[in-house]
Amino acid sequence: MIGVLPLIKAFIFDLDGVITDTADLHFEAWRKCAEKLGLTIDLSFNEQLKGVDRMGSLNRILDYGGIANQYSMEEKQRLAEEKNEYYKKLILDVSPKDILPGIQPLLVEMKRDGYKIGLASASKNAPTLLKSLEIDEFFEAKADPSTIAKGKPAPDIFLQAASILKVQPTECIGIEDANAGIEAIKKAGMFAVGIGDAEYLKEADYLVYSTVELTLENMLKAWHSR
Ligand code: BG6
Ligand code: MG
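Residues numbered from 1 in each chain as written. Chains lettered and ligands numbered in written order. Predicted model: local features only at pLDDT ≥ 70, side-chain atom pairs only at ≥ 80, totals over all residues. Heavy atoms only, no water.

Asker: How should the packing of aromatic side chains be read in this particular structure?
Answerer: The description of two aromatic rings rests on the distance between their centres and on the angle between their planes. Inspection of the entire model under this criterion finds three aromatic pairs. For the ring pair Phe11 and Tyr115, a centre distance of 5.3 Å and an interplane angle of 80 degrees mean the geometry is edge-to-face. Taken together, the residues span a long stretch of sequence, with Phe11 in strand 1 (residues 10–13) and Tyr115 in the loop between helix 5 (103–112) and strand 2 (116–119) at a distance of 104 residues. You'll find Phe11 and Tyr115 in the same group, each marked buried. (Phe/Tyr/Trp six-rings, centres within 6.5 Å; stacked < 30°, edge-to-face > 60°. Helix = DSSP H or I, 4+ residues; strand = E, 2+ residues; numbered from the N terminus. Buried < 20%, exposed > 50% of the residue type's maximum accessible area, 1.4 Å probe, protein only.)

In structure tokens, the structure reads:
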């Protein structure tokens, strides 16, 4: 039997660093948290935190400082909560002006052309941000990170979004700015679009430097010529 070639039916977005520039705000919050612990983290180290869930990020910071065994689970929970409180203050005045260039018209174009749109963000703050950005209604499916046992780079969160959208992974294009996220998309069996630096996103199937270059046409062309 001749197999039926898949067609792209859905786009699944990461949020922080793809839809809005909150990747910088997460970094700012972690930098402050690390400072309190006597540690200095820089932007290059932050690449390892992108896409990684809250407790996973804290563990990486503590490992980096060689102080992981100095904190009980309870203390770590308190530190993670403190980081989140600080982060929540930083996102208080997020509004539609904070949507990264090109993303809003891209969502409109995808909807117009009948593509399904999903969200696969590791952030528990993502639903609040989508509302503040006033683009919540574009997303037919939002994977819930609190129900996902294994965060990025595991594929689970992208697979959950695809399953809610009722599409096969091979019918999806995933969009990410984090190395862990690209790995998750590829493991899910989806086509991976990276936004950012080739130095960190080597595994992406198609890479653009910024959201300005992220067009529906370019992504579909790249997928066709894969
Ligand atoms: C990801 C970010 O989207 O969400 C990470 O890239 C962040 O930096 C993670 O740690 C979890 O976010 P939150 O808002 O649940 O702490
Ligand atoms: Mg991201």
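Past the structure itself, the notes keep going.
Asker: I keep staring at the coordination of the magnesium ion (ligand 2) and nothing clicks. Help me out?
Answerer: By definition of the ideal shapes, four donors in a tetrahedron about a metal sit 109.5 degrees apart, and six donors in an octahedron sit 90 or 180 degrees apart. Summarising the metal site, the magnesium ion (ligand 2) is bound by the protein donors Asp14 (OD), Asp16 (O) and Asp177 (OD), whose distances to it range over 2.0 to 2.1 Å. Here the donor residues of the magnesium ion (ligand 2) share one chain and are spaced in sequence as D-x1-D-x160-D. Here Asp14 and Asp16 have matching classes, each one buried. (Donors = N, O, S within 2.8 Å, 3.2 Å for Na, K, Ca; no water.)

Asker: Is there a simple way to think about the pattern of salt bridges in this case?
Answerer: Oppositely charged side chains can form a pair if their charged atoms are brought close together. A full pass over the atoms with the stated rule returns 16 salt bridges. For Glu140, the salt bridge is made with Lys111, and the minimal N-O distance between the two is 3.9 Å. Here Lys111 lies in helix 5 and Glu140 lies in the loop between helix 6 (126–132) and strand 3 (141–142), a separation of 29 residues in the sequence. Among the charged side chains, a network of salt bridges with common partners joins Asp14, Lys152 and Glu176. (Salt bridge = Lys/Arg side-chain N within 4 Å of Asp/Glu carboxyl O.)

Asker: Got a minute to help me understand the site of ligand 1 in this structure?
Answerer: Taken together, 14 residues form the shell around ligand 1, and within it Asp16, Arg54, Ser123, Lys124 and Asn125 come nearest. Between an oxygen atom of ligand 1 and a side-chain N or O atom of Arg54, the distance comes to 2.7 Å. Here an oxygen atom of ligand 1 sits 2.7 Å away from a polar atom, N or O, in the main chain of Lys124. The cavity that encloses ligand 1 is the largest pocket. For the shell around ligand 1, the residue count by class is three nonpolar, six polar and five charged. (Near = heavy atom within 4 Å. Polar contact = N/O pair within 3.5 Å; in protein donor to acceptor, adjacent residues only side chain to side chain. 1 Å grid on protein atoms, 1.4 Å probe; cavity = no way out; pocket = protein on both sides within 12 Å on 5 of 7 lines; lining within 4 Å. Sits in = over half its atoms within 2 Å of the grid points. Nonpolar A, V, L, I, M, F, W, Y, C, P; charged D, E, K, R; others polar.)

Asker: Sorry, what's going on with helix 1 (residues 22–36) here?
Answerer: In an α-helix, one turn spans 3.6 residues; hence positions three or four apart end up facing the same way. Spanning 15 residues, helix 1 covers 21 Å between terminal C-alpha atoms, matching the ideal 21 Å at 1.5 Å per step. Three or more residues of helix 1 are buried, namely Thr22, Ala23, His26, Phe27, Ala29, Trp30, Cys33 and Ala34. The arc that holds every buried residue of helix 1, seen down its axis, measures 165 degrees, which confines them to one face. Looking at the buried side of helix 1, the elements it contacts are helix 2 (43–46), helix 3 (54–64), helix 4 (73–90) and helix 6. Gly38 sits one or two positions beyond helix 1 and adopts a positive phi of about 80 degrees. (Expected span 1.5 Å × (residues − 1). Arc of directions from axis to C-beta. Contact = heavy atoms within 4.5 Å.)

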